[in-house]
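# Observations on chain architecture
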Amino acid sequence: MRFIRFICWRFLLCGSGCRNDRKMLKSGKGDKKRVSREVMKSNMDTQDINLQKENAITEGVIWKQILLFFFPILFGTFFQQLYNAADALIVGRFVGKEALSAVGGGTGTVINLLVGFFVGLSSGATVIISQYYGAKRKEMVGYAVHTAMAFSLVGGIVMMVGGLLAAPGILRAMDTPADVLEPATLYIRIYFLGMVGNLIYNVGSGILRAVGDSRRPLYFLIASCLTNIVLDILLVVGLRMGVAGAALATILSQLLSAALVILVLVRTRDMHHLELKKIGFDGRMFKRIIRIGFPAGLQSVMYSLSNIIIQTAINGEGTDTVAAWTVYGKLDVVFWMIVSAFGIAITTFVGQNYGAGKIERVRKGIRSCLGMTVVSTVVVSAFLYLTCGSIYTLFTDDTEVLRIGVEMTRFLVPTYITYICIEILSGALRGVGDCWIPTLICLTGVCLIRVVWIMAAVPRFPGITTIIFSYPLTWVITTVLFGVYYCFFSKIKIQKQAA
């Protein structure tokens, strides 16, 4: 109903504007230039009204605006998971286990490592655009948008070349099994050929989210996901192209989503309008993007490396434990989808309100987001704790795997709540451009301490419980560090004291 009322409102505005234009032309009063100026002024006023109405992030009810932004991101994450699962399901069913390992094994680690770094870098543009958009500084938004798109093009080319050259060596260094190495190398080389489209979509969707539009990135992701599934069936099942077909389906669907996001940015008349001929680097803006985005990229890389070390420790516990951990990852993703969606939502909310100078609204938004995340986490944790035994039986009927899996799940699920502050406070601090200290806190509290624990404690007290204890241990330490920094040293607190 809200959407229908909005369309009707736009139609009435446009209709009244058109009628006024026709009256001016028929009256014969004034010359054509004056009429053109009046029409242009009327159109610009209408666009300003639309902008003020649409940018409710800085004006509307706080918890409603966060939720309106949260749900499209959550559904987008769900379709991203479906997107990834489709390749594995179709390849595993119709090609074989070697192809399945090639699509979802070491290649996924390499892709996450490299793509995560560049997507982290580009997140600096999202923060900057949200701040300038909230402050209604049209010229600066334009510089940021065109610089960000130039970065996606150049970064995509660099990643494509680097991936083609380096990825096969990385796969060999990871001791990829001999029967998997060849299809994995083929898959990853084709995948990296489409890296420009991948980065254009990620940067473009980040721009849309920065201005408060989280719905269209969701629509584009749904379209890309469905296209990927259809192409997987056509190329892998129909034409029997194996992992090459899966990789080709992926890059073609990514090109579709990139084209859609470019189309929207070109056609919009809001501040984030994209002109293809203006795509290029603004030196000062690019430095700001890198200054804010580099910590996020570095953090992504360190998370990936620490997870590799943990996975190595789990591999040493045997096949049953590895299988149980794999299934746990399918349950675990429910929590991470929710908490990461809240983290992205609060970054944009804080960025726009900080840019608009509404510091108290920023603090209220953080409190509201923390409260909603706590409620969501308690519900998800209770559900997984009570139903994990039944869920595990959907994946396996091996009694030992079931025992280990249920034990792990019921140990970790109640500790989810200790992670919430890390995600929400780091997202909020990114929104005000405060990136380096939060990144150092995460690298120390999560990555470094986790690796030290694995290397020092696991040899003395071997077992899966010792390994997975590294998660709540590092979450609690990092949460305390974030709480102290946010309350006493962050940009928001300093401004509060100055007021």
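Below, the structure is looked at part by part. Just so it is clear, the structure is predicted and the values come from calculations on it, not from any experiment.

Turning next to the overall build of the chain. Secondary structure summary: the chain contains 19 helices and 0 strands in total. By residue count, 48% of the 499 residues in the chain fall in the buried class. Put simply, of all contacts in the chain between residues at least 6 apart along the chain, 83% involve residues at least 24 apart. In the structure as shown, the chain presents an accessible area of about 23,800 Å², 66% of it carried by carbon and sulfur atoms.

Turning to the pattern of salt bridges, a few remarks are in order. What the rule picks out here adds up to 7 salt bridges. Two residues, E360 and R363, come together in a salt bridge whose shortest N-O distance is 3.2 Å. Highlighted residues: E360 and R363, both in helix α13 (residues 359-392), separated by 3 residues, approximately one helical turn. Take E360: its relative accessible area is 40%, and that puts it in the partly exposed class. Accessibility expressed as a relative area gives 9% for R363, which makes it buried. Across the salt bridge formed by E400 and R403, the nearest N and O atoms sit 2.6 Å from each other. Pair noted here: E400 and R403 are both in helix α14 (residues 399-412), with a separation of 3 residues, about one helical turn.

In terms of nonpolar packing, the biggest core is built from 69 residues, with I66, I346 and I366 touching the most fellow members. It is helix α12 (residues 319-355) that provides the largest number of residues to this core, a total of 16 residues. Not counting residues within four places of it along the chain, the set of residues in contact with I66 comprises F342, A345, I346, F349, G365, S368, C369 and M372. Counting residues in each nonpolar core, the second largest holds 35 residues, with V141, I200, F220 and C225 among its members.

Now for a nonpolar patch on the surface. Residues V476, V480, V484, F488 and F489 make up a contiguous nonpolar surface patch of about 480 Å² in total accessible area. Position of V484 among the secondary structure elements: in helix α18 (residues 470-488). Of the residues examined, V484 reaches a relative accessible area of 38% and is grouped as partly exposed.

Contact pair helix α8 (residues 195-210) / helix α10 (residues 242-267): the axes reach a minimum separation of 8 Å and the direction vectors enclose 40°. Here α10 runs oblique to α8, going by the angle between their axes. Of the two possible hands of crossing, α8 and α10 adopt the one that is left-handed. Taken together, the residues of α10 that come into contact with α8 (itself represented by G197, N198, I200, Y201, G204, S205, I207 and L208) are Q254, L255, S257, A258, V261, I262, V264 and L265.

Thresholds, definitions, all that
- Residues numbered from 1 in each chain as written.
- Predicted model: local features only at pLDDT ≥ 70, side-chain atom pairs only at ≥ 80, totals over all residues.
- Heavy atoms only, no water.
- Helix = DSSP H or I, 4+ residues; strand = E, 2+ residues; numbered from the N terminus.
- Buried < 20%, exposed > 50% of the residue type's maximum accessible area, 1.4 Å probe, protein only.
- Contact = heavy atoms within 4.5 Å.
- Areas by Shrake-Rupley, 256 points an atom, 1.4 Å probe, with all protein chains shown as cover.
- Salt bridge = Lys/Arg side-chain N within 4 Å of Asp/Glu carboxyl O.
- Core = buried A, V, L, I, M, F, W, Y, C linked by side-chain atoms within 4.5 Å.
- Patch = residues over 30% accessible without salt bridge, like charges linked within 9 Å, V, L, I, M, F, W, Y side chains within 5 Å.
- Axes fitted to C-alpha atoms, helices over the stretch in contact; angles between N-to-C directions.
- Parallel < 35°, antiparallel > 145°, perpendicular 65-115°, else oblique.
- Left-handed = near helix turned anticlockwise from the far one by under 90°.

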